[in-house]
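Coordinates in review
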Protein chains: 2
Amino acid sequence: MKRIQVVQNILDANESIAAENQRLLDEHRVFAINIMSAPGAGKTSLVLQTMANLKHRLRIGIVEGDVASTLDAERVKGEAAAVVQITTRNMSESCSLIANMVTYALKSMPLEALDLLLIENVGNLICPSEFALGEHKRVVVSSLPEGDDKPIKYPMIFADADVVIINKIDLLPYVDFDIPAFRRTVDELNPEVGFFEVSCKTGQGIEKWCSWLSKEVESNAHKVSN
Amino acid sequence: MKRIQVVQNILDANESIAAENQRLLDEHRVFAINIMSAPGAGKTSLVLQTMANLKHRLRIGIVEGDVASTLDAERVKGEAAAVVQITTRNMSESCSLIANMVTYALKSMPLEALDLLLIENVGNLICPSEFALGEHKRVVVSSLPEGDDKPIKYPMIFADADVVIINKIDLLPYVDFDIPAFRRTVDELNPEVGFFEVSCKTGQGIEKWCSWLSKEVESNAHKVSN
């Protein structure tokens, strides 16, 4: 079917552009993460908590992907060294960030003045898993009220993640969510994945996540310098 | 750009197939709703509550759309007169049900023995808004833990909805969600929309929703008979 060939061509082109983005990031020793989740799982809250924890140690840039509105960019501006908003509705793909949108964002960022780039993807558990952006690590946020069956229902995004952050753990007494069962399901899809359990509302678990992240930034800078 | 033309062709073809699906449903006096939401907002729980409330009065069929897994179909089978599972991962479009998937489902359902068809779409607030399926009404489920900003961030799906169901209202004491502000935002996008506030966990509000739905089934059967 013609459509499938068109999609395959787009995915192949995307991979090349993503590789070029990563080359540019490495040239400037900027470590980038791609943060993905369902709508409302807490990506923006995670960005804000991460900024609050790390901004005195690291120079951080943010790319905010949204279908419509600049709400998330408004929330994070003032916190970061640089913020670029990408509104996907006006682009040919609308359900995910794709690599050439990030190329555009990188062009308007002072990469030489950054250590870490947080890319907040569009809220979607399906499309973003197909499009690499040039990130060094892929982070999936899954929140308790969504239910513990999400890795069974949206396996691709969990299978490709480097880290899964379980957010809204403050709601554990009020929702049905079996954390060990969830972790077992993700482990089966992806035995190498790392887990963090956090509440972006109370701050629980953020220190541990940020400690891991800052070590990754450091080790990547060391690696690309050699 | 070539890609945009391809997408436009797909959308146009989808509209024709959706119209044909609706014609077939009307011929058999089956009223269909397309239930859309973010992952984990409670579509399957709404289907189960709706079945429990209406199955003694109406003959109900279910189409379960999922990217992967047959989990939702397993949950609802035994409740419905007919259940068809559509797993989109193996199709050319994967982030939404599209009309020709529903055509396929309708072919394997005993339409003459149904009054109501509940179509549970894939968990996604973006793609499903572009693809009509042949449904008579479009229902968007939005749950409190997702936050009250979803209509600002994903306006298209709310602008096209006939009904918005606010689910998980049992969690109101534990999350930040301004119900009047949410309703105002949706009203601005879509002044004709109807609202229901429910908890699929406690059953609160389900009676009112099902009462509206059964009246719609009746009035549609009356309309297509004349």
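Heads up: the structure comes first, above all this text.
The following refers to the structure shown. (Residues numbered from 1 in each chain as written. Chains lettered and ligands numbered in written order. Predicted model: local features only at pLDDT ≥ 70, side-chain atom pairs only at ≥ 80, totals over all residues. Heavy atoms only, no water.)

1. Notes on the interface of chain B and chain A
Put simply, the test is: The contact criterion used throughout is that any non-hydrogen atoms of two residues lie within 4.5 Å. Accessible surface is computed with a 1.4 Å probe, and the buried area is the amount of it that two parts give up when combined, taken over both parts together. Salt bridges, as used here, are contacts in which a Lys or Arg side-chain nitrogen is within 4 Å of a carboxyl oxygen on Asp or Glu. Polar contact is defined as a pair of N or O atoms within 3.5 Å, subject to the rule that within protein one atom must be able to donate a hydrogen and the other to accept it, and that residues adjacent in sequence are counted only when both atoms are side-chain atoms. Runs of H or I in DSSP of at least four residues are treated as helices and runs of E of at least two as strands, each being numbered from the N terminus. Under this grouping Gly is polar, as are all residues other than the nonpolar Ala, Val, Leu, Ile, Met, Phe, Trp, Tyr, Cys and Pro and the charged Asp, Glu, Lys and Arg.
Contacts between the two partners involve 43 residues from chain B, matched on the other side by 43 residues from chain A. Roughly 3,500 Å² is buried in total at the junction of chain B and chain A, and carbon and sulfur atoms are behind 61% of that figure. Across the contact surface, chain B and chain A share six salt bridges. The salt bridge involving Arg75 of chain B is made with Asp149 of chain A; its shortest N-O contact spans 2.9 Å. The interface formed by chain B and chain A contains 10 residue pairs in polar contact (both at pLDDT 80 or more). Looking at the side of chain B that touches chain A, the elements that each hand over two or more residues are α1 (2-27), α3 (71-76), α5 (150-153) and α6 (155-159) of chain B. In terms of residue class, the side of chain B that touches chain A is made up of 22 nonpolar, seven polar and 14 charged.

2. Topic: the sheet that holds strand β1 (residues 31-37) of chain B
Residues and elements named next belong to chain B. Rules: For two strands to be treated as a pair, DSSP must find at least two bridges joining them. Fitted lines through C-alpha atoms give the axes, limited to the stretch in contact for helices. The angle between two N-to-C directions lies from 0 to 180 degrees.
Pairing within the open sheet is parallel, and its seven strands lie in the order β3-β2-β4-β1-β5-β6-β7. Only two strands of the sheet have a single neighbouring strand rather than two, namely β3 (82-87) and β7 (194-197). Adjacent strand axes in the sheet meet at a mean angle of 20° when their direction is disregarded. As judged from the four bridges shared by strand β6 (residues 163-167) and β7, these two strands associate in the parallel manner. The residue of β7 that forms the bridge with Ile165 is Phe196. Together, β1, β2 (60-66), β4 (116-120), β5 (137-143) and β6 form the strand contacts of helix α2 (residues 43-54), whose direction differs from that of β4 by roughly 165°. Contacts from helix α7 (residues 179-189) reach β5, β6 and β7 within the one sheet, and its direction differs from that of β7 by about 155°.

3. Topic: the state of the cysteines
Inclusion rule: Two cysteine sulfur atoms make up a disulfide if the distance between them is within 2.5 Å. Each residue's exposure class comes from its accessible area (1.4 Å probe, protein chains only) as a fraction of the maximum for that residue type: buried when under 20%, exposed when over 50%, partly exposed otherwise.
For the coordinates displayed, the defined rule picks out two disulfides over all chains. Each sulfur in the disulfide pair Cys95 of chain B and Cys127 of chain B lies 2.5 Å from the other. On the sign convention where negative is left-handed, the bridge of Cys95 of chain B and Cys127 of chain B, at about -105° about the S-S bond, is left-handed. In this pair, Cys95 of chain B is assigned in the loop between β3 and α4 (99-107) and Cys127 of chain B in the loop between β4 and β5, connecting sequence segments 32 residues apart. With a relative accessible area of 4%, Cys127 of chain B lands in the buried category. This cysteine, Cys210 of chain A, is not joined by any disulfide, and Cys200 of chain A carries the nearest cysteine sulfur, 9.3 Å off. You can call Cys210 of chain A buried: its relative accessible area is 0%.

4. A few points about α4 of chain B
Residues and elements named next belong to chain B. For the record, the criterion: Each direction from the helix axis to a C-beta atom contributes to the arc, which is the arc of those directions.
Within α4, the full set of buried residues consists of Ala99, Met101, Val102, Ala105 and Leu106. All buried residues of α4 fall inside an arc of 155° around its axis, so they share one side. Residues of α4 that are exposed and point more than 90 degrees away from the buried face comprise Tyr104 and Lys107.

5. With respect to the packing of aromatic side chains
All names here are of chain A. Where we set the bar: The aromatic pairing rule takes the rings of Phe, Tyr and Trp, using the six-membered ring of Trp, and pairs them if the centres are within 6.5 Å, calling planes under 30 degrees apart stacked, those over 60 edge-to-face and the rest tilted.
Tallied over the full model, the rule gives 11 aromatic pairs over all chains. Look at Trp209 and Trp212: their rings are 5.7 Å apart centre to centre, the planes differ by 20°, and that puts the pair in the stacked class. Highlighted residues: Trp209 and Trp212, both in helix α8 (residues 206-225), separated by three residues, approximately one helical turn. Taking the relative accessible area as the measure of exposure, Trp209 reaches 0% and is therefore buried. A residue is classified by how much of its surface remains accessible, and Trp212, at 22% relative accessible area, is partly exposed. In this structure an aromatic cluster arises from ring pairing among Phe158, Phe177 and Phe182.

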